[in-house]
Amino acid sequence: MRDSQQRPRRVVITGLGTVTSIGLGVPAFLDGLRSGRSGVKPLTGFDTTGFAHANGCEVDDFEPSRFIRHADPEGLGRATQFAVAAAVMAVADAGLGESELRSRRALVSVGTTDAETRDLDALAEQQLAEGPEHLDPVLARRAQAGRLSTGIVRELGLTDVEALTIPTACAAGNYAIGNGFDALRDGDVDVALCGGADAVCRKNFVGFYRLGTVAPEVCQPFDKDRKGILTGEGAGILLMESLDSALARGARIYAEVLGYGLNCDAHHPVAPDRDSLARCMEVAHRNAGVKPEDVDFISAHGTGTRANDVTETGAIRQVFADPPPTVSIKSMIGHSMGAASALASAACALALTEGFIPPTVNHGETDPECGLDCVPNEARPADLTVVQNNALAFAGNNAVLILGRYQEAA
């Protein structure tokens, strides 16, 4: 533990791993963000017979054996495969050798909504058809949510490590990144692999479909004609370390983690609360030492539902006298649940490094009730210093992350 008189360490992001429907790895993900690529296609991961519409954002070019070398990919569920692959990418992207990584105190923290519910779907189907005595033992073993983090630990051969899986639904990626930020800032660990992962599953799709919130074709956040979300999947893992560590090894720095805010209002099972989200933003700003006018753009939760978009916009207007450009990358990659805010954080880090604001695609006309500059359809060049990433989840779990461009002065 750090001495109580020691100054908190600055924390930076030096590696990114991304598994998305618009590309695998940083170059493809960055290209997709810049070009406004859409990952929408008909869902194939389960039988969609009987549904009036079943589009989504699946990862269709993922070969786990390309990334998973030390474990049997078939012994891992799809979400765990995504998480492990993204972690392997992040370590390589950071230029950190695996032997060097193993010598450090590490934290692995992965957020999720559904974990391996895809396997649980299959097990439930088997039990109904054949009885519990005929459940597939491979599926039963790999269906544990904890494997999202322990799978990374085993693949990378980490020993001095704490492994956590955080189940705060659609805000879980930001929760996990905040967890890593605290551990690094206080000197409890030397390196943190944090983010989120989820796979498309029938339970999730049907739940949103029955709520009437699944869009028939595309996701259109903040658009007056928006019709709902599209379920997606993937993983985003950020490799974070102290600034001193990054400078000592000459690492490239994507961004500095300035701070974050969390709250849980428990106001409603599914509906977001404007005042609570506004308070969460204010907590994040205080924790990061920034003011609303310092924020150059907001990566919104932006699901494309009326309840989310209007409520989130209202909260932004409570905090920001003049809201900055506010975008939603869910218009491109769908709602990847526990991976959503982690992938948005990776997008924010890339935006800071590359000097652009990702677009909100599929945009026709902005809803007057939102009235934000959502950077419609085309990326925008921008000199960015501070960016904000919002994440909202069912049951009132909110998480807001603040990232900054790395500058030498504190």
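Reading the values: the criteria
- Residues numbered from 1 in each chain as written.
- Predicted model: local features only at pLDDT ≥ 70, side-chain atom pairs only at ≥ 80, totals over all residues.
- Heavy atoms only, no water.
- UniProt positions renumbered as here; feature names shortened; annotations may be inferred.
- Helix = DSSP H or I, 4+ residues; strand = E, 2+ residues; numbered from the N terminus.
- Core = buried A, V, L, I, M, F, W, Y, C linked by side-chain atoms within 4.5 Å.
- Buried < 20%, exposed > 50% of the residue type's maximum accessible area, 1.4 Å probe, protein only.
- Domains from an automatic or database assignment.
- Contact = heavy atoms within 4.5 Å.
- Buried area = accessible area lost by both parts, 1.4 Å probe.
- Salt bridge = Lys/Arg side-chain N within 4 Å of Asp/Glu carboxyl O.
- Polar contact = N/O pair within 3.5 Å; in protein donor to acceptor, adjacent residues only side chain to side chain.

Under the annotation held in an unreviewed UniProt entry, the protein chain carries the name 3-oxoacyl-ACP synthase and is attributed to Streptomyces longispororuber. Per its UniProt entry, the protein chain bears the Sequence similarities (unreviewed entry) comment "Belongs to the thiolase-like superfamily. Beta-ketoacyl-ACP synthases family."

A. Molecular detail of the UniProt feature "domain: Ketosynthase family 3 (KS3)" (unreviewed entry) in the protein chain. Here the UniProt-annotated "domain: Ketosynthase family 3 (KS3)" (unreviewed entry) positions come out as residues 8-405. With 35% helix and 20% strand, residues 8-405 has end C-alpha atoms that lie 18 Å from one another.

B. Layout of the nonpolar core. In terms of nonpolar packing, the biggest core is built from 45 residues, with I13, L16, M240 and L403 touching the most fellow members. Two domains each donate at least three residues to this core, and these are domain 1 (11-248) and domain 2 (257-404). With near-sequence residues (within four places) excluded, M240 lies in contact with V11, V12, I13, I177, G180, F181, L184, V191, A192, C194 and V257. One finds F62, L96, L101 and L193 within the second-largest nonpolar core, a separate group that totals 37 residues.

C. Fine view of the domain arrangement of the protein chain. If you check the domain split of the protein chain, you get domain 1 (11-248) and domain 2 (257-404). Taking only C-alpha atoms, the centre of domain 1 and the centre of domain 2 are 20 Å apart. Contact residues are listed per partner, giving 64 residues for domain 1 and 67 residues for domain 2. With both chains or domains summed, domain 1 and domain 2 bury close to 4,700 Å², and 67% of this area falls on carbon and sulfur atoms. Applying the counting rule to domain 1 against domain 2 returns three salt bridges. Across the salt bridge formed by E354 and R34, the nearest N and O atoms sit 3.1 Å from each other. For the interface between domain 1 and domain 2, the tally reads 25 residue pairs in polar contact (both at pLDDT 80 or more). Among the elements that make up the side of domain 1 that touches domain 2, the one with the highest residue count is helix α7 (residues 172-185) (nine residues).

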